[in-house]
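As a plain string of letters, each chain reads:
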Amino acid sequence: MSGRTTAARLSPEERVKGFEEIERTLTPVQATIEASRCLMCEDAPCNKGCPAGIDIRSFIRKIRFNNIWGGIRILREANIFSGVCGRVCPTDALCEEQCRSQVLTEPINIGALQRFLTDFEADLGARKRVAAEKLPHKVAIVGSGPAGLAAANELALLGYAVTVFEASSRLGGAMTAAIPSFKLPNSVVEAEIDLISELGVEFKPDTPLNDDLTIDDLFERGYEAVFIAVGLGKPFPLEIEGENLQGVYSAMELLAAAKGLHGSQSTKVGKNVIVIGGGSVAVNAATSALRLGAERATLVCLEAPDEMPAFSEDVELAWREGVEFLTRVRPVRFLHNGKDGVAGVEGVRIDWKEPGEFVPENAVDVEGSMLTLPCDNVIVAIGQGPDDNAIMQFQSLKTNVRGYLLVDEDTLMTSRPGVFAGGDVLHNPISRTVVQAVAYGKHAAHSIHDYLNGTNQ
Ligand SMILES: Cc1cc2nc3c(=O)[nH]c(=O)nc-3n(C[C@H](O)[C@H](O)[C@H](O)COP(=O)(O)OP(=O)(O)OC[C@H]3O[C@@H](n4cnc5c(N)ncnc54)[C@H](O)[C@@H]3O)c2cc1C
Ligand code: SF4
């Protein structure tokens, strides 16, 4: 039995020159060969690994028998962001982890096959989708990330009049504001948003939910249900000395600059950049810093390499591109350059008090292990939480102490009837990924449909 077919990739030397997408699309021959490896398992365990509910076995079968449009239809019915997810899904921890083919050789390259179909569709032009007959109900969506947009898509297909209110001038949430273009070009996201727009969804960019536009206002304007999907807009600070020095940025500031986001032009990187954090956002910030001109990017984190929460594929890409990893180190303070700018990071090596608990409270400093790392910039990437402005809007809704929204797990309804929530802003979401946000959006749309039809009030 042959091994897994992978698409061509730019070499590490080529890719750090800019933000060009790293991976190519499988050729039709490659896609057919890869689809032919599928065992067509009766119980399709791969399907159970997809939060968006894609019938993976069936779309692979369509590729195998050259029914490309049939495969595209299966994808679009389950996940409007199939092109995005074919690129950014951590498939090794989802569908491919379940794939039975790995018992014989390697898992089927499900992400690449999914992308093959959506890239084919993008080249030829998508087929028109038809929404159900218009219903006399208006639904407001707050936030245009994958959760909000997946809900908008589903509700529009059901016939609802949907309006999406978005704080930023650009639609797409983290897909267009943060995930680097070398993994996910904006054109891919925009093409999938166009599919939603074609269903008649109304978009209102630059229109945040705030003191001038509250949940009460939305109900007064005739919206009968509201879906809140505002993501996590506030970077956590490290709260150590020197964090306000010039040249210290949050990862979201750096990634916004890398995405050319409006207002991010003042974020400039020097030659030697230190990134603090062990998640995918930190790793993406380090590889983006190299592309923005840094000659050296060092990632400093509490976790050892096998303890880092980052997606393994992101870590491997960064490693190959020359990002240096300084692990099991805790930053203690940022050093200044004699003026207002940052000149370095002072840190200390750590060990864990309790094995297996990789949280800052469980770290103990190793005596006599202080180290000083000179640098031109520090990027802080230790996570994000709900935005304070959002929390103010949520005052009437139940949140946990840190502002994450609490919902009924079955319906995703918040403590206020008619107001639903999903995506990253939830307390304790199943995972913080695009595909999970899509799953929340779909779930909320069907709960809203039931609510407006009186079946879950
Ligand atoms: C750098 C980075 C890399 C990532 N890489 C991956 C990856 O490789 N694979 C993967 O699956 N996931 C990845 N993720 C995670 C994924 O992007 C998120 O889990 C997902 O986007 C969450 O979707 P969401 O709709 O809940 O929120 P978001 O995508 O954050 O969207 C929320 C939207 O709400 C808007 N908003 C906020 N406040 C308001 C308001 N008051 N009024 C109106 N609108 C408002 C925001 O502007 C934003 O557009 C990454 C995230 C980041 C930051
Ligand atoms: S588990 Fe793997 S081999 Fe089996 S149907 Fe799914 S993709 Fe094919």
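Residues numbered from 1 in each chain as written. Chains lettered and ligands numbered in written order. Predicted model: local features only at pLDDT ≥ 70, side-chain atom pairs only at ≥ 80, totals over all residues. Heavy atoms only, no water.

As a further point, take the domain arrangement of the chain. If you check the domain split of the chain, you get domain 1 (12-124), domain 2 (138-233 + 386-452) and domain 3 (235-380). Put simply, the middle of domain 1 and the middle of domain 3, counted by C-alpha atoms, are 33 Å apart. Between domain 1 and domain 3, the contact holds 8 residues from the first and 10 residues from the second. With both chains or domains summed, domain 1 and domain 3 bury close to 880 Å², and 60% of this area falls on carbon and sulfur atoms. (Domains from an automatic or database assignment. Contact = heavy atoms within 4.5 Å. Buried area = accessible area lost by both parts, 1.4 Å probe.)

By the definition in use, this model includes 25 salt bridges. Among the ionic pairs, Glu-321 bridges to Arg-291, the shortest N-O distance being 2.7 Å. Of this pair, Glu-321 sits in the loop between α15 (312-320) and β9 (324-327) while Arg-291 is found in helix α14 (residues 280-291), placing the two residues 30 residues apart along the sequence. There is no split in this pair, since Glu-321 and Arg-291 are both buried. Between Arg-328 and Glu-307 there is a salt bridge whose closest N-O contact spans 2.6 Å. Note that Arg-328 is positioned in the loop between β9 and β10 (329-336) and Glu-307 in the loop between β8 (296-301) and α15, a separation of 21 residues in sequence. (Salt bridge = Lys/Arg side-chain N within 4 Å of Asp/Glu carboxyl O. Helix = DSSP H or I, 4+ residues; strand = E, 2+ residues; numbered from the N terminus. Buried < 20%, exposed > 50% of the residue type's maximum accessible area, 1.4 Å probe, protein only.)

It is worth spelling out the packing of helix α9 (residues 146-158) against helix α17 (residues 434-452) at this point. How two helices sit against one another is set out by the angle between their axes and by the gap between those axes. Interhelical geometry of α9 versus α17 gives an angle of 40° and a closest axis separation of 7 Å. The orientation of α9 with respect to α17, classified from their angle, is oblique. Note that α9 runs across α17; the crossing there is right-handed. Here α9 contributes Pro-146, Ala-147, Ala-150, Ala-151, Glu-154, Leu-155 and Leu-158 to the contact with α17, which in turn contributes Val-434, Ala-437, Val-438, Gly-441, Lys-442, Ala-445, His-446, Ile-448 and His-449. By residue class, the composition of the contact of α9 with α17 is 11 nonpolar, 3 polar and 2 charged. (Axes fitted to C-alpha atoms, helices over the stretch in contact; angles between N-to-C directions. Parallel < 35°, antiparallel > 145°, perpendicular 65-115°, else oblique. Left-handed = near helix turned anticlockwise from the far one by under 90°. Nonpolar A, V, L, I, M, F, W, Y, C, P; charged D, E, K, R; others polar.)

For the rest of this paragraph, the subject is the packing of aromatic side chains. Taken as a whole, this structure holds 6 aromatic pairs when the rule is applied. With 5.8 Å between their ring centres and 75° between their planes, Trp-69 and Phe-120 make a pair best called edge-to-face. Taken as a pair, Trp-69 in helix α5 (residues 68-78) and Phe-120 in helix α8 (residues 110-124) lie far apart in primary sequence, 51 residues in all. What makes Phe-120 partly exposed here is its relative accessible area of 26%. Lys-138 extends its terminal NZ or CZ atom over the ring of Tyr-223, reaching a point 4.4 Å from the ring centre. Lying over the aromatic face of Phe-182, Arg-291 brings its terminal NZ or CZ to 3.7 Å of the ring centre. (Phe/Tyr/Trp six-rings, centres within 6.5 Å; stacked < 30°, edge-to-face > 60°. Lys NZ or Arg CZ within 6 Å of the ring centre and 35° of its normal.)

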